[in-house]
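Residues per chain are reported as follows:
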Amino acid sequence: MADNVNVIQGRKVLAVSRKGSSMPITIEGNDNNTYFLKLAGSLSGPLAHICDWLSCRIGNCIDLPTPIPSLVLIHENLDTGPLDIEMKDLLLKSRGLNL
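Residues numbered from 1 in each chain as written. Predicted model: local features only at pLDDT ≥ 70, side-chain atom pairs only at ≥ 80, totals over all residues. Heavy atoms only, no water.

A. Structural detail: the side chain of Asn98. Its location among the elements puts Asn98 in strand β5 (residues 96–98). Side-chain polar atoms of Asn98 contact the backbone nitrogen of Ala40, separated by 2.6 Å. Dropping the residues within four chain positions of it, Asn98 is found in contact with Leu37, Lys38, Leu39, Ala40, Ser70, Leu71, Val72 and Ile74. (Helix = DSSP H or I, 4+ residues; strand = E, 2+ residues; numbered from the N terminus. Polar contact = N/O pair within 3.5 Å; in protein donor to acceptor, adjacent residues only side chain to side chain. Contact = heavy atoms within 4.5 Å.)

Right, here's the structure in full:
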């Protein structure tokens with residue numbers, strides 16, 4: 001397991017999931033990989049994001065098939081495509097680092 005943290009810049013929103021309070025999105029990063037991203041501005045709160053991060057890192061440490069957590073940086077110039085007002089507002093609140 002690598003000790004460094006991946007920080008990816010979000011380039012384009014590919015899909016939106018309306019399941020759960022975190023309203024996650026699928027995003028394309030500047031490394032051309034796809035990421036499932038829980039937005040920092042969602043209702044789930046920072047504690048849920050920390051729990052997700054830790055559980056993935058622990059899983060990686062004991063060789064479970066868990067995703068390698070990355071931080072995704074969302075800028076105002078993110079290509080969102082045709083999103084509704086609620087999602088655009090959530091992305092606005094989530095500018096900066098997201099898990």
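B. Local environment of the pairing of strand β1 (residues 6–16). Where β1 lies against strand β4 (residues 70–74), four bridges are found, and the strand directions are parallel. Residue pairing across strands places Val7 opposite Leu71, the latter belonging to β4. Of the pairings in the sheet, the one linking β1 to strand β2 (residues 25–29) comprises five bridges and is antiparallel in character. Looking across to β2, one finds that Gly10 is bridged to Gly29. (Pairing = 2+ DSSP bridges.)

C. Inspection of the pattern of salt bridges at higher detail. Evaluation of the coordinates by the stated rule reveals four salt bridges. Note that Lys38 and Asp52 form a salt bridge whose closest N and O atoms lie 2.8 Å from each other. With Lys38 in the loop between β3 (34–37) and α1 (45–61) and Asp52 in helix α1, this pair connects stretches of sequence that are 14 residues apart. Judged by its relative accessible area of 26%, Asp52 falls in the partly exposed class. One salt bridge connects Glu76 with Arg95, and the closest N-O pair in it is separated by 4.0 Å. Separated by 19 residues along the polypeptide, Glu76 in the loop between β4 and α2 (85–93) and Arg95 in the loop between α2 and β5 bring together distant segments of the chain. Taking relative accessible area as the criterion, Glu76 reaches 62% and is therefore assigned exposed. (Salt bridge = Lys/Arg side-chain N within 4 Å of Asp/Glu carboxyl O. Buried < 20%, exposed > 50% of the residue type's maximum accessible area, 1.4 Å probe, protein only.)

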